[in-house]
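Okay, here's what each chain looks like letter by letter:
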Amino acid sequence: MKYLDEYRDPQLARTLVARIKEESSRPWVMMEVCGGQTHTIVRQGIGEALSGSVEMIHGPGCPVCVTPLEQIDRALHLASRPEVIFTSFGDMLRVPGSECDLQQIRARGGEVRVVYSPLDALELARNNPDREVVFFAVGFETTAPANAMAVWRARELGVENFSVLVSHVTVPPAMVAILESPDNRVQAFLAAGHVCTVMGWTEYLPLAERYRVPIVVTGFEPLDILEGILMAVRQLESGRYEVENQYVRSVTRQGNLPAQDLVSRVFHLVDRQWRGIGMIPSSGLGLREPFAAHDAERKFALEGITADEPSVCRAGDVLRGRIKPNECGAFGKACTPERPLGAPMVSSEGACAAYYNFKRFPAPDPRAADVAAARAL
Amino acid sequence: MCLGIPGRIVSLSDGGGLLMGMVDFGGVRREVCFAYLDGQVEVGDYAVVHVGFAISRVDEEEARRTYEALKEMSELDELDWMREVAETGLGPLKERPA
Ligand code: SF4
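Quick look at the structure, then. (Residues numbered from 1 in each chain as written. Chains lettered and ligands numbered in written order. Predicted model: local features only at pLDDT ≥ 70, side-chain atom pairs only at ≥ 80, totals over all residues. Heavy atoms only, no water.)

### A few points about the interface of chain A and chain B
No. 1: Facing 52 residues of chain A, the contacting portion of chain B comprises 46 residues.
No. 2: A combined buried area of about 4300 Å² lies between chain A and chain B, and 58% of that area is made up of carbon and sulfur atoms.
No. 3: By the criterion of area lost to chain B, the three top residues of chain A are R8(A), Y116(A) and F220(A), representing 17% of everything that side buries.
No. 4: There are 4 salt bridges connecting chain A and chain B.
No. 5: The partner of D120(A) in a salt bridge is R30(B), with the nearest N and O atoms 2.6 Å apart.
No. 6: Applying the counting rule to chain A against chain B returns 16 residue pairs in polar contact (both at pLDDT 80 or more).
No. 7: Elements supplying a minimum of two residues to the side of chain A that touches chain B: helix 2 (35-43), helix 4 (63-66), strand 4 (112-114), helix 7 (118-127), strand 5 (132-139), helix 8 (144-157), helix 10 (193-199) and helix 13 (257-266) of chain A.
No. 8: Ranked by residue count, the leading element in the side of chain A that touches chain B is helix 7 of chain A, at 6 residues.
No. 9: Considering only residue class, the side of chain A that touches chain B consists of 22 nonpolar, 15 polar and 15 charged. (Contact = heavy atoms within 4.5 Å. Buried area = accessible area lost by both parts, 1.4 Å probe. Salt bridge = Lys/Arg side-chain N within 4 Å of Asp/Glu carboxyl O. Polar contact = N/O pair within 3.5 Å; in protein donor to acceptor, adjacent residues only side chain to side chain. Helix = DSSP H or I, 4+ residues; strand = E, 2+ residues; numbered from the N terminus. Nonpolar A, V, L, I, M, F, W, Y, C, P; charged D, E, K, R; others polar.)

If you want it as structure tokens, here you go:
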């Protein structure tokens, strides 16, 4: 267990690993739904450390990775228009669309700007009244309050040339979709700490109850994750299915109420497509009617732009835990972080890129992929 | 992309009806919005900031630990975005392409 020595407190890490192994009377299957956690789990070799006791499946926890191809293509279309200044968080620039990515549009002369805050995009709009500024509003619940505020302010200040291309997703419906899929293997969840910093954790209570599944709100550092896993193992071993909070340093029961309040004023729940997974009912946020003037999809009539995901990319199987990233035939060959075929290879929080970057996983021989595919059936 | 970065609050001010503040992220300073922590923070406190919005208050010890953890993980992309904005600015674009 060489990686344990890199922990802040290697002794505590060892103790936690030993406890998890001792207390697991059988192998348990858990899923984390947070790109930060995926990154840590793969980087620290937590899966190998717990092998035989706990199997971690890396769920759809990276908002960049689940943004549907269609929305990327719409972004590319907007960014190519001469009157548009297209603004986005930096991590969307290399996400592959059907033809190219935002970075390539920029290289061809499209006005694509990285912003840190959505309020930066609003500022840009106010300073460029003769241009249309579009902001790519992606993210989970953690990011929604920021993007909601930009739209709210745009309306308040009457900034007519500011609009948002919304692709927001929410975590609990994705967990439901995974639990309801016929071949689900997930027995417990680690819930994303920073999502719960905003949302609190009470919305997970009905989920834990209905599906009899333990849910532990967990931070993203190695020791947090080991502790979260141990809490989940203890629930599983004693037949409990509760919502527990490992990440008390940051998460309260109620979360950040002013943030939740503004999000619900600006957005409402809509059905949303998840890249690799497909449509999940009521799993996304869309703009409410009073903000329609700031909705890029309506302003630029984008409905006509649709896309089919490339069949070679098995992101859906990866995100549902049916295969590990290195069991995809393209992994490390046709698909690398330099030349990603699918979104999970783009972001350091995507499961495929995390596997690739920490190199402890050779690309499998083709037979292994077939075995994996057969197992998934 | 949802981890946020902890920083120290250097100043707080009114930004046209929104509580704004200057935050120091390990030496990089940037103005962020405190509307979601209005009434809960003071200058010198630490807060976790995500895409320009403070979302929770943390103590100094936690802020330091988290910052170090993010650095080890190379999960400080948001700092790169801040730098990019600082370099290019948000002013009027020079010319409109034909
Ligand atoms: S390795 Fe590439 S092609 Fe395969 S599932 Fe991951 S992103 Fe898709």
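### Focus on the sheet that holds strand 3 (residues 84-88) of chain A
Residue and element names in this part refer to chain A.
No. 1: The 6 strands lie next to each other as 4-3-5-6-11-10, forming an open sheet whose pairing is mixed. With one partner strand each, in any of the chains shown, strand 4 and strand 10 (267-274) form the two edges of the open sheet. Taken pair by pair, the neighbouring strands of this sheet meet at an average axis angle of 25°, ignoring direction.
No. 2: On top of the sheet, helix 7 reaches strand 3, strand 4, strand 5 and strand 6 (162-169); it is set at about 170° to strand 5, its chief contact. (Pairing = 2+ DSSP bridges. Axes fitted to C-alpha atoms, helices over the stretch in contact; angles between N-to-C directions.)

### A few points about the sheet that holds strand 8 (residues 215-218) of chain A
All names here are of chain A.
No. 1: In spatial order, the strands read 2-1-7-8-9; together these 5 strands make up an open sheet with parallel pairing. At either end of the open sheet lies a strand with only one pairing partner, and these are strand 2 (54-58) and strand 9 (243-245). Between one strand axis and the next, the sheet turns by 25° as a mean value, whatever way the strands run.
No. 2: When strand 1 (residues 28-32) meets strand 2, the two strands line up parallel, connected through 5 bridges. Across the sheet, residue V29 finds its bridge partner in strand 2, namely E55.
No. 3: Sitting on the sheet, helix 2 touches strand 1, strand 2, strand 7 (188-192) and strand 8, and the angle it makes with strand 2 is about 135°.

### Some points on empty space enclosed by the protein
One way to see where empty space is left: roll a probe the size of a water molecule over the atoms.
All names here are of chain A.
No. 1: Taken as a whole and judged by the stated rule, the model has 5 cavities of 30 Å³ or more.
No. 2: For the second largest cavity, the calculated volume is near 100 Å³.
No. 3: Around the second largest cavity, the lining comprises 15 residues; the ones closest to its centre are C313, R314, C328, C335 and C352.
No. 4: Residue composition of the lining of the second largest cavity, grouped by class: 13 nonpolar, 1 polar and 1 charged. (1 Å grid on protein atoms, 1.4 Å probe; cavity = no way out; pocket = protein on both sides within 12 Å on 5 of 7 lines; lining within 4 Å. Points joined across faces, edges and corners; volume = space filled by probe spheres on them.)

### Section: helix 8 of chain A
Residues and elements named next belong to chain A.
No. 1: For helix 8, which comprises 14 residues, the first-to-last C-alpha distance of 20 Å matches the rise-based estimate of 20 Å (1.5 Å per residue) to within 8%.
No. 2: Among the 14 residues in helix 8, 10 count as buried, and that is most of the element.
No. 3: Along helix 8, the residues that are buried comprise A144, P145, A146, N147, A148, M149, A150, V151, R153 and A154.
No. 4: Downstream of helix 8 by one or two residues, G158 has phi in the positive range, about 65°. (Expected span 1.5 Å × (residues − 1). Buried < 20%, exposed > 50% of the residue type's maximum accessible area, 1.4 Å probe, protein only.)

### Here we look at the pairing of strand 5 (residues 53-58) of chain B
All names here are of chain B.
No. 1: Most of strand 5 sits inside the fold, with 5 of its 6 residues counted as buried.
No. 2: Here strand 4 (residues 46-50) runs beside strand 5; their pairing, made up of 5 bridges, is antiparallel. Bridge pairing in strand 5 links V48 to S56.
No. 3: Between strand 4 and strand 5, which pair antiparallel in sequence order, lie 2 residues; one of them, V51, sits at a positive phi of approximately 40°.

Taken by themselves, the reported measurements are silent on function.
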